Amino acid sequence: MSFPQNTGHATPFPRLSILLHWVMAVLIIVMLFVGLVMAHDSTIHYAGLFTLHRTVGFLLLLLVVIRLVNRFANHTPALPMDMPGPMKLAAHFSHILLYGFMIALPLVGWAMLSAGGYPITLWGGCHIPPLMGFHPHLWGVLRCLHSLLAYGLILLILAHIGAALLHSIIRRDGVMGSMLGR
């Protein structure tokens, strides 16, 4: 079986887009790891992990807003001309899903803490106002939703990595290089 050896060069993304992508990728992976540890292990380090999780979650919410503004201000490079239509559709749909998850997860986490009556204090003593009043039943629903969204994001990230590998190793179409600034 032979794969297409398209060595065409894609237009690179703007530098700010590349920086936001990779910084957020690292922060999201850290967040998912910390969240999984917190959900499955209540060690003596829980309070520190919880503060880290809240702080980075809020930072990610701010960064995704910046990233969306940047995305609308600086159009993304076109996908390769020889890329099949269904693959292009999947690429667009997966990016919409990624942005949806990057917005929904921190907002649901913020709402969950608000409904649980937990103060949202970031490092340095900065307080974030609650999104809603105390509501214990809603806290439980939002906690479950937050977990489901996190697992969904993990699956979506794995698919995203798989697509990056497909473009880099099999198609060799320059898409991966465009996000590396080449």
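Residues numbered from 1 in each chain as written. Predicted model: local features only at pLDDT ≥ 70, side-chain atom pairs only at ≥ 80, totals over all residues. Heavy atoms only, no water.

(A) Representation of the overall build of the protein in the model. Check the secondary structure of the protein and you find five helices and two strands. If you list the helices and strands of the protein from N to C, you get α-α-α-β-β-α-α. In terms of overall dimensions, the protein has C-alpha extents of about 55 × 35 × 30 Å along its principal axes. A buried classification covers 35% of the 182 residues belonging to the protein. Restricting the contact set of the protein to residue pairs at least 6 apart, pairs at least 24 apart contribute 72%. Split by element, the accessible area of the protein, about 11000 Å² in all, is 75% carbon and sulfur. (Helix = DSSP H or I, 4+ residues; strand = E, 2+ residues; numbered from the N terminus. Buried < 20%, exposed > 50% of the residue type's maximum accessible area, 1.4 Å probe, protein only. Contact = heavy atoms within 4.5 Å. Areas by Shrake-Rupley, 256 points an atom, 1.4 Å probe, with all protein chains shown as cover.)

(B) Broad picture of the packing of helix α1 (residues 15–40) against helix α4 (residues 136–171). Interhelical geometry of α1 versus α4 gives an angle of 140 degrees and a closest axis separation of 11 Å. As judged from the angle between their axes, α1 and α4 are oblique. The handedness of the crossing between α1 and α4 is left-handed. Contact residues: His 21, Ile 28, Leu 32, Leu 36 and His 40 in α1; Ala 150, Tyr 151, Leu 153, Ile 154, Ile 157 and His 160 in α4. (Axes fitted to C-alpha atoms, helices over the stretch in contact; angles between N-to-C directions. Parallel < 35°, antiparallel > 145°, perpendicular 65-115°, else oblique. Left-handed = near helix turned anticlockwise from the far one by under 90°.)

(C) Focus on the confidence of the model for the protein. Overall, the predicted model of the protein reaches an average pLDDT of 88, with 95% of residues at or above 70. Within the protein, the lowest mean pLDDT, 79, falls on helix α5 (residues 175–179), and the highest, 95, falls on helix α3 (residues 85–115). Overall, residues 1–7 carries pLDDT values under 50, and its contacts beyond four positions in sequence, including any with other chains, amount to eleven contacts. (pLDDT = per-residue confidence, 0-100.)

(D) Region of the structure containing the packing of aromatic side chains. For the structure shown, the criterion picks out three aromatic pairs. Pairing Phe 58 with Trp 110 gives two aromatic rings, centres 5.5 Å apart and planes at 80 degrees, and the pair type is edge-to-face. Of the two residues, Phe 58 is situated in helix α2 (residues 46–73) and Trp 110 in helix α3; the sequence distance between them amounts to 52 residues. Taking 6.4 Å as the distance between ring centres and 55 degrees as the angle between the ring planes, the aromatic pair formed by Tyr 118 and Trp 139 counts as tilted. With Tyr 118 in the loop between α3 and β1 (120–121) and Trp 139 in helix α4, this pair connects stretches of sequence that are 21 residues apart. Accessibility expressed as a relative area gives 42% for Tyr 118, which makes it partly exposed. (Phe/Tyr/Trp six-rings, centres within 6.5 Å; stacked < 30°, edge-to-face > 60°.)

(E) The nonpolar core, seen in detail. Ranked by size, the top nonpolar core spans 35 residues in total, and within it Ile 28, Leu 60, Met 102 and Leu 153 carry the most contacts. Listed by contribution, the elements that provide at least two residues to this core are α1, α2, α3 and α4. The biggest single contributor to this core is α3, with eleven residues. Excluding its chain neighbours within four sequence positions, the residues that come into contact with Leu 60 are Met 24, Leu 27, Ile 28 and Met 31. (Core = buried A, V, L, I, M, F, W, Y, C linked by side-chain atoms within 4.5 Å.)

(F) Here's a closer look at the side chain of Arg 171. Inspection of the secondary structure puts Arg 171 in helix α4. A polar contact of 2.9 Å, which involves the side chain of Arg 171, links it to the side chain of Asp 173. (Polar contact = N/O pair within 3.5 Å; in protein donor to acceptor, adjacent residues only side chain to side chain.)

(G) Highlighting unusual backbone geometry. Positive phi is not limited to glycine here, since Arg 172 has a value of about 50 degrees. Locating Arg 172 in the fold gives a position in the loop between α4 and α5. A residue is classified by how much of its surface remains accessible, and Arg 172, at 41% relative accessible area, is partly exposed.

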